[in-house]
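Letter by letter, the chains look like this.
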Amino acid sequence: MGKFLQIRVIAQTYDTAAAEERFAKLYALAWPVAATPPAGPLGLLELTAALDDAVRLGDLPSGDRAALLPGVEKAMAVKAALEAALGERDPKTADKLSYDLEDALAELEKLAPKA
């Protein structure tokens, strides 16, 4: 690394429209239709963080919150591990964790309430 430039490995959702279609209930839960759309990318890493906020701080019915909380905690743990692997420049581990995160979100999609 240079004095001012930092080299990082990143993960980002390359097709957010396809991700939103695949995880439609989770996207609707994380970002309900509003007058002002959310700023920034709406990829799977951002979805995971938004779901964490929705479950912990949102106005979800207690039954939905209780059903989703374990899965959201698992997804957040995988997200943290993925970000740590990226920070350590370990693309092999990050790649494996990207599949684990998608699997965790797929399980959450099954539990998510219909919008």
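Located above this text is the structure these notes cover.
For every chain, the first residue of its written sequence is number 1, and the numbers climb from 1 along that sequence. With pLDDT at 70 or above as the cut-off, local features in this predicted model cover only qualifying residues; side-chain atom pairs require 80 or more to be listed or tallied, and sums for whole chains, interfaces and linings still use all residues. As a rule here, side-chain values come from all non-hydrogen atoms in the structure, and water together with hydrogens is ignored.

Which parts of the structure should I look at to understand the overall build of the protein?
Numbering goes from the N terminus for both helices and strands, where a helix is a DSSP run of H or I of at least four residues and a strand is a run of E of at least two. Across its full length, the protein carries 5 helices and 0 strands. Any residue under 20% of the maximum accessible area for its type is buried, any over 50% is exposed, and the rest in between are partly exposed; the area is computed with a 1.4 Å probe on protein chains only. Looking at the protein as a whole, 30% of its 115 residues qualify as buried. Any two residues having at least one pair of non-hydrogen atoms within 4.5 Å are treated as being in contact. Restricting to contacts in the protein with at least 6 residues of sequence separation, those with at least 24 account for 57%. Calculation of accessible area relied on Shrake-Rupley with a 1.4 Å probe; when residues are assessed, cover is drawn exclusively from the protein chains displayed. Of the roughly 7,600 Å² of accessible surface on the protein, 57% is carried by carbon and sulfur atoms. Looking at the protein, you have 13 positive and 18 negative side-chain charges, and the mean spots of the two groups are 4 Å apart. Note that His is not counted, nor are the chain ends; the positive residues are Lys and Arg, and the negative ones are Asp and Glu. A charge is said to be at NZ when it belongs to Lys, at CZ for Arg, at CG for Asp and at CD for Glu.

What's the story with the environment of Leu-97 in this structure? I'm lost.
Relative to the helices and strands, Leu-97 resides in helix α5 (residues 91–111). A C-alpha to C-alpha distance of 9.3 Å links Leu-97 and Glu-83, two positions 14 residues apart in sequence. Here Leu-97 is in contact with Val-78, Ala-81, Leu-82 and Ala-85, once residues within four sequence places are set aside.

Which parts of the structure should I look at to understand the pattern of salt bridges?
It is possible for side chains bearing opposite charge to pair when their charged atoms get close. By convention in these notes, a salt bridge is any Lys or Arg side-chain nitrogen within 4 Å of a carboxyl oxygen on Asp or Glu. Here the structure, examined in full by the defined rule, presents 5 salt bridges. A salt bridge links Asp-100 to Lys-96, with the shortest nitrogen-to-oxygen separation between them at 2.5 Å. With Asp-100 and Lys-96 both in helix α5 and 4 residues apart, this pair spans about one turn of that helix. Ionic pairing is found between Glu-107 and Lys-110, a salt bridge with its closest N-O pair at 3.2 Å. Note that Glu-107 and Lys-110 are positioned in helix α5 at a spacing of 3 residues, about one turn of the helix.

Please clarify how the packing of helix α3 (residues 44–57) against helix α4 (residues 62–87) should be interpreted in this entry.
To characterise two packed helices, one gives the angle between the axes of the helices and the distance between these axes. Note on geometry: axes are C-alpha line fits, over the in-contact stretch for helices, and angles between N-to-C directions span 0 to 180 degrees. Viewed as axis vectors pointing N to C, α3 and α4 meet at an angle of 145°, and their least axial separation amounts to 9 Å. Seen along the crossing, α3 lies across α4 with a hand that is left-handed. Counted together, Leu-45, Thr-48, Ala-49, Leu-51, Asp-52, Ala-54, Val-55 and Arg-56 of α3 and Arg-65, Leu-68, Leu-69, Val-72, Glu-73, Ala-75, Met-76, Lys-79 and Leu-82 of α4 form the full contact between these two elements. Crossing handedness is read from the near helix: turned anticlockwise from the far helix by less than a right angle, it gives a left-handed crossing, and turned clockwise, a right-handed one.

What is the right way to read the nonpolar core from this model?
In summary, soluble globular proteins display a tendency toward joint burial of nonpolar side chains. Among buried residues, those of type Ala, Val, Leu, Ile, Met, Phe, Trp, Tyr and Cys that are joined through side-chain atoms within 4.5 Å constitute a nonpolar core. Core analysis: the biggest nonpolar cluster contains 28 residues, and Phe-23, Leu-26, Leu-47, Leu-51, Leu-105 and Leu-108 have the highest contact counts within it. Of all the secondary-structure elements, those providing two or more residues to this core are α2 (24–30), α3, α4 and α5. Residue contacts for Leu-26: discarding those within four places in its chain leaves Leu-47, Leu-51, Leu-105, Leu-108, Glu-109 and Ala-112.

How should α4 be read in this particular structure?
Since one α-helical turn is 3.6 residues long, residues separated by three or four positions face the same way. Across its 26 residues, α4 extends 36 Å between first and last C-alpha, which sits within 8% of the 38 Å expected from 1.5 Å per residue. The term bend refers to the angle at a residue between two fitted axes, each drawn through seven residues, those ending there and those starting there. Along α4, the helix axis deviates most sharply at Leu-69, where the bend reaches about 40°; the proline Pro-70 sits within four residues downstream. All of the buried residues in α4 are Leu-68, Gly-71, Val-72, Ala-75, Val-78, Lys-79, Leu-82, Ala-85 and Leu-86. Positioned one or two residues after α4, Arg-89 has a phi angle of 55°, which is positive. By definition here, a helix of n residues has an expected span of 1.5 Å times n minus one.

Remember that the coordinates give geometry; whether it matters functionally is a separate question.
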